[in-house]
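Summary of structural features
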Amino acid sequence: MAVFPRFVVKLIDCVIYQLLANSCYKAAKKVRQYGFLITNPSLKTRNQQPSFYPHVSKCSLENRASQTLVCDLNGALLSSSKNYSFFPYFMLVAFEGGSLFRAIILLLSWPILCLLDWDAKFKAMIFISFCGLPTKNMASVSSTVLPKFFLDNLNLHAFEVFQATGSRIVFTSVPRVMVEGFLRNYLNVNDVIGTELQTFGRYYTGLVSENGLLVKHKALIEYFGDKKPDIGIGSPKLHDHLFISLCKVQ
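Summary of the structure given here. From a predicted model like this one, the values you see are computed outputs, not experimental measurements.

Counting secondary structure elements, the protein contains 11 helices and six strands. When each of the 250 residues of the protein is scored for burial, the buried share is 45%. For the protein, the accessible surface area stands at approximately 13,700 Å², while carbon and sulfur atoms represent 59% of it.

Quick look at the structure:
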């Protein structure tokens, strides 16, 4: 008779846990947007700046099967706000892989993170989310939790072009362990080049490797050498222009 109550308790725990995960993600998105508006009073003006390259929706899907496409996940394959922050996904790692306490620390740190430059802010989010995190926890989060939220935010225009090509390589400053499972298992990506994290035994230190955060255009040159990939997809941000300019079709 005790089996049924135990099952009910476990079911309730599971539901509450999922609700907390969704709440953390939504809270992170709201905090990120609010913080961005505060620190960027010229948001409206910036958003009206034209891109140097045509929108991905204008890219033809015909005769792409033999071509190679390169892109980023953040700001390209994922539909994102104008600041292309990965903060909500770090919140999921902090909560699902770590604990509610870790997620709260990351959430409360956002106002301070907004004062930092992009590199420092990204490294700080990595440190808070990953420091002391068991590697097995991250493996579970990257394969079962993050894909659901990535799929919900998939950029359909970019995905159509992505699927039309024969070879797909993703270059991203995001830690590779966060995105590789999703990209390989759900989008059939051929290779994922991302920021590598340091580990100590079976735990993450929260620090990036000696190479630092991945610089996409440099990584692309190292990967392809003198060759140029056929298609490049990126965000309208200035740091993506060099990356996209190294492709035959932008």
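A separate point is the packing of helix α7 (residues 135-152) against helix α9 (residues 176-186). Two packed helices can be described by the angle between their axes and the distance between those axes. Contact geometry for α7 and α9: axes closest at 8 Å, N-to-C directions at 65°. With respect to the hand of their crossing, α7 and α9 are arranged in right-handed fashion. Within the contact between the two elements, α7 uses Met138, Ser142, Ser143, Leu146, Pro147, Phe150 and Leu151 and α9 uses Val177, Met178, Val179, Phe182 and Tyr186. Across the contact of α7 with α9, the residue classes tally to 10 nonpolar, two polar and no charged.

Here we have four strands laid out as an open sheet, ordered β3-β2-β1-β6, and parallel in their pairing. Only two strands of the sheet have a single neighbouring strand rather than two, namely β3 (191-195) and β6 (231-233). If you compare each strand with its neighbour and ignore which way they point, the axes differ by 15° on average. Bridging between strand β2 (residues 167-175) and β3 involves four bridges; their strand directions are parallel. Note that in β3 the partner of Phe171 across the bridge is Ile193.

Take the environment of Gly201 next. You can see Gly201 is positioned in the loop between β4 (197-200) and β5 (203-208). What makes Gly201 exposed here is its relative accessible area of 66%. Note: C-alpha distance between Gly201 and Pro134 (67 residues apart in sequence) is 9.1 Å.

What follows deals with the pairing of β4. Across three bridges, β4 lies against β5 in antiparallel orientation. When the sheet's bridge partners are listed, Leu197 is paired in β5 with Val208.

Two side chains with opposite charge may pair up if their charged atoms get near one another. Under the criterion given, the structure shown has six salt bridges. In this structure, Arg176 engages Glu196 in a salt bridge whose closest nitrogen and oxygen atoms are separated by 2.6 Å. Placement of Arg176 in helix α9 and of Glu196 in the loop between β3 and β4 is noted, with a sequence separation of 20 residues between them. Here Arg184 and Asp191 are joined by a salt bridge, their closest N and O atoms 3.2 Å apart. A single network of salt bridges, built from pairs that share partners, joins Arg176, Glu180, Arg184, Asp191 and Glu196.

In this section: helix α10 (residues 216-224). Every α-helix carries 3.6 residues per turn, so stepping three or four residues along brings you back to the same face. Buried within α10 we find Lys216, His217, Ala219, Leu220 and Phe224. An end-on view of α10 places all buried positions within 160° of arc, on one side of the element. Once α10 ends, the next one or two residues include Gly225, with phi positive near 65°.

Moving on, we get to the side chain of Ser142. Here Ser142 is to be found in helix α7. Of note is the side chain of Ser142, whose polar atom sits 3.1 Å from the backbone oxygen of Ala139. Among all residues touching Ser142, those that are not within four sequence positions of it are Pro147, Val177, Met178 and Phe182.

How each quantity is defined
Residue indices follow the written sequence of each chain, beginning from 1 at its first position. Two thresholds apply to this predicted model, a pLDDT of at least 70 for residue-level local features and 80 or more for giving and counting side-chain atom pairs, whereas whole-chain, interface and lining totals are computed over all residues. Only hydrogens and water are removed before side-chain values are computed, so all heavy atoms of the structure are retained for them. Strands here mean DSSP runs of E at least two residues long; helices mean DSSP runs of H or I at least four residues long; both are numbered from the N terminus. Any residue under 20% of the maximum accessible area for its type is buried, any over 50% is exposed, and the rest in between are partly exposed; the area is computed with a 1.4 Å probe on protein chains only. Every accessible area reported is derived by Shrake-Rupley at a probe size of 1.4 Å, with residue values counting cover from the shown protein chains alone. The axes are straight lines fitted to the C-alpha atoms, using for helices just the contacting stretch, and the angles between their N-to-C directions are given from 0 to 180°. By convention, the crossing between two helices is left-handed when the near helix turns anticlockwise from the far helix through less than a right angle, and right-handed when the turn is clockwise. Pairs of residues are marked as contacts when any of their non-hydrogen atoms sit within 4.5 Å. Each residue receives one of three labels: charged for Asp, Glu, Lys and Arg, nonpolar for Ala, Val, Leu, Ile, Met, Phe, Trp, Tyr, Cys and Pro, and polar for the others, Gly being one of them. When DSSP finds at least two bridges between two strands, those strands are taken to pair. Whenever a carboxyl oxygen of Asp or Glu lies within 4 Å of a side-chain nitrogen of Lys or Arg, that contact is scored as a salt bridge. This arc is built from the directions going out from the helix axis to the C-beta atoms. What qualifies as a polar contact is a pair of N or O atoms within 3.5 Å, subject to a donor-acceptor requirement within protein and to the restriction that residues adjacent in sequence count only when both atoms come from side chains.

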